[in-house]
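# Results of the structural survey
Take a look at the letters that make up each chain.
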Amino acid sequence: MHVTEQMKRDLADDGAIAVRGLFPPDRLARMREGFDYGIAHPGPLHGHAFKGTPDEHFNDYGNPANRETHLAIVRDLGLADFVAELWGSQHIWFLGEELFVKKGGRGARSPWHQDTSYFPVVGPHMLNIWVSFEKIPRANGLEIVRGSHRGVQYNGTSYKSLKDPTDPLWLQTDWPRLPDVEADRAADPKAWDIIGFDLDIGDALILHSGSLHGGAPVTPGCPDRHTLVYRFLGDETFYRPVPTGPSSFGYDVGELNDPSMKPGEPYRNKDYVQLR
Ligand SMILES: O=C(O)CCC(=O)C(=O)O
Ligand SMILES: [Fe+2]
């Protein structure tokens, strides 16, 4: 895959790009093997967001038992070199996988959030390669607030309240509560500068992990979605602890903090495999 100057610039400035044809059929089949393996071997953190509601959807991430399977795919597909070129980073680490399944064409919006509310790292070199195995029109796509990876760090969402998607993750923090992007847009379509793409089969969405992203509902016209996300870190990543104290999340995200690191120092963690 040829990385253009435009791709680098757009990713750095906007926080998201669509990469057309990153996964032609044989490469996409390899990604699908990773997805299917993950579904067949769920990890300790798998679960259903908004269980029992029309927004219920399956997700799983960072299953340590599946790491070698995903790493083999990442290596086969040369994804580390591709990501390194997008950033101009010498080294690349694999942060792990995320799986999302939405079914039934009846909603299941992912609440707006930044992955950095759940992870003690900031900096320009962190991204998600987001691949769905279906054709995803823009209306069903993951959306990104343009440039938000360079803006405010918001609190996370609990993923628990259908009534209030900004229901906070951290209960004691000075991180501001998430904005209600959907309510703001309903009142004024221009309230937020939002990026989205029509994605064909084999296209990938690449987003900075700290961008404010969400949406990607299923609808009658696009009723099911199976998505595999691979996340990477590069040289320019810095330790920034997440808040401590009570949270509304199902497990202790604060455990990811590492007291042996000083805030602002380059984030290097041997738990994440270095690919180059
Ligand atoms: O696909 C989705 O619904 C959410 C994706 C997401 O939040 C991510 O890739 O970090
Ligand atoms: Fe996310």
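Described in the following lines is the structure provided in the data block. Just so you know, these numbers come straight off a predicted model, no measurement behind them.

The subject of this paragraph is the overall build of the protein chain. Counting secondary structure elements, the protein chain contains five helices and 14 strands. Relative to the compact-globule value of 19 Å for 276 residues, the protein chain shows a C-alpha radius of gyration of 18 Å, a close match. Along the first, second and third principal axes, the C-alpha set of the protein chain runs to 50 × 45 × 40 Å. By the burial criterion, 43% of the 276 residues in the protein chain qualify as buried. A fraction of 79% describes how many contacts in the protein chain between residues 6 or more apart in sequence connect residues 24 or more apart.

Within soluble globular proteins, side chains that are nonpolar tend to cluster in buried spots. By size, the foremost hydrophobic cluster in this structure holds 58 residues, and its most contacted members are Val-83, Ile-129, Ala-204, Leu-205, Ile-206 and Phe-232. Broken down by element, this core gets its largest block of residues, seven residues, from helix α4 (residues 79-87).

Lining the immediate environment of ligand 1, one finds Glu-98, Phe-100, Ser-110, Asp-115, Asn-128, Trp-130, Leu-142, His-213, Ala-216, Thr-227 and Val-229. Looking at the shell around ligand 1, its residues break down into five nonpolar, four polar and two charged.

Another point: the environment of His-46. Relative to the helices and strands, His-46 is located in the loop between α2 (25-40) and β2 (47-49). As for His-46 and Leu-142, which are separated by 96 residues in sequence, their C-alpha atoms are 20 Å apart.

The next thing to look at is the environment of Ser-148. For Ser-148, the position within the fold is in the loop between β8 (142-145) and α5 (181-187). In sequence terms Ser-148 and Ser-211 are 63 residues apart; their C-alpha atoms lie 4.9 Å from each other. Once residues lying within four places of it in the same chain are set aside, the contact partners of Ser-148 are Gly-15, Ser-211 and Leu-212.

Most of strand β12 (residues 225-234) sits inside the fold, with nine of its ten residues counted as buried. Pairing of strand β4 (residues 92-102) with β12 involves ten bridges; the strand directions are antiparallel. Bridge pairing in β12 places Glu-97 opposite Tyr-230. The pairing of strand β7 (residues 126-132) with β12 spans seven bridges and is antiparallel. Note on β12: the bridge partner recorded for Val-131 is Leu-228.

This paragraph deals with α2. Under the 1.5 Å per step criterion, the end-to-end length of α2 is 22 Å for 16 residues, consistent within 8% with the ideal 22 Å. Turning to α2, its buried residues number three or more, namely Leu-28, Met-31, Gly-34, Phe-35 and Gly-38. Down the axis, α2 shows its buried residues gathered within 110° of arc, on one side only. Along α2, the residues that are exposed and aim more than 90 degrees away from the buried face are Pro-25, Asp-26, Ala-29 and Ala-40. Against β3 (57-61), α3 (67-76), β4, β7 and β12 lie the buried residues of α2.

Most of β7 is tucked away, with seven of its seven residues classed as buried. Here β7 shows a buried face lined by Met-126, Asn-128, Trp-130 and Ser-132 and a second buried face lined by Leu-127, Ile-129 and Val-131. Relative to strand β10 (residues 204-208), β7 runs antiparallel, the two sharing four bridges. When the bridges of β10 are listed, Trp-130 appears paired with Leu-205.

Right, let's get into the environment of Lys-270. Structurally, Lys-270 is set in the loop between β13 (238-239) and β14 (273-274). Under the C-beta neighbour-count criterion, Lys-270 is labelled exposed, with 7 such atoms within 10 Å. Each C-alpha atom, one on Lys-270 and one on Gly-15, is 26 Å from the other, the two residues being 255 residues apart in sequence.

With that settled, the discussion passes to the packing of α2 against α3. Axis separation between α2 and α3 bottoms out at 10 Å; the angle between their running directions is 170°. In terms of their interaxial angle, α2 and α3 are classed as roughly antiparallel. Residue-level inspection shows Arg-30, Met-31, Glu-33, Gly-34 and Tyr-37 of α2 in contact with α3, the latter providing Thr-69, His-70, Ile-73 and Asp-76. Tallied by class, the residues present in the contact of α2 with α3 amount to three nonpolar, three polar and three charged.

Two pairing modes exist for strands in a sheet, parallel and antiparallel, and in both the strands are linked by backbone hydrogen bonds. Taken in spatial order, the four strands of this open sheet run β5-β11-β8-β9, and their pairing is antiparallel. Sheet topology places β5 (110-113) and β9 (194-195) at the edges, where each strand pairs with a single neighbour. Note that β8 and β9 share two bridges and pair antiparallel. Bridge pairing links Val-145 to Ile-194 in β9.

Calculation notes
- Throughout this document, residue positions are counted from 1 along each chain, in the order its sequence is written.
- Each chain is given a letter, starting from A, and each ligand a number, starting from 1, according to the order in which they appear as written.
- Note on the predicted model: pLDDT of at least 70 is required for a residue's local features to be given, and 80 or more for side-chain atom pairs to be given and counted; whole-chain, interface and lining totals, by contrast, use all residues.
- Numbered from the N terminus, helices here are DSSP runs of H or I no shorter than four residues, and strands are runs of E no shorter than two.
- The globule rule is 2.2 Å times the number of residues to the power 0.38, and the radius of gyration it is compared with is taken over C-alpha atoms.
- Counting other C-beta atoms within 10 Å of its own, a residue is labelled buried from 20 upward, exposed at 12 or fewer, and partly exposed in the gap between, with every C-beta atom placed from the backbone.
- Placing C-beta atoms from the backbone, we regard two residues as in contact once those atoms come within 7 Å.
- The nonpolar core criterion groups buried Ala, Val, Leu, Ile, Met, Phe, Trp, Tyr and Cys residues into a set whenever they are joined through C-beta atoms within 7 Å.
- Note on definitions: a residue is near a molecule or strand provided its C-beta atom, placed from the backbone, lies within 6 Å of it.
- Think of it as three bins: nonpolar holds Ala, Val, Leu, Ile, Met, Phe, Trp, Tyr, Cys and Pro, charged holds Asp, Glu, Lys and Arg, and polar takes everything else, Gly as well.
- Paired strands, as defined in this entry, are two strands with at least two bridges between them according to DSSP.
- Expected span of a helix, by definition, is 1.5 Å for each gap between consecutive residues, and there is one gap fewer than residues.
- Relevant arc is that of directions from the helix axis to the C-beta atoms, nothing else.
- All axes are obtained by fitting lines to C-alpha atoms, using only the stretch in contact for helices, and the reported angles, taken between N-to-C directions, cover 0 to 180 degrees.
- The cut-offs work like this: below 35 degrees is roughly parallel, past 145 is roughly antiparallel, 65 to 115 is roughly perpendicular, and the gaps in between are oblique.

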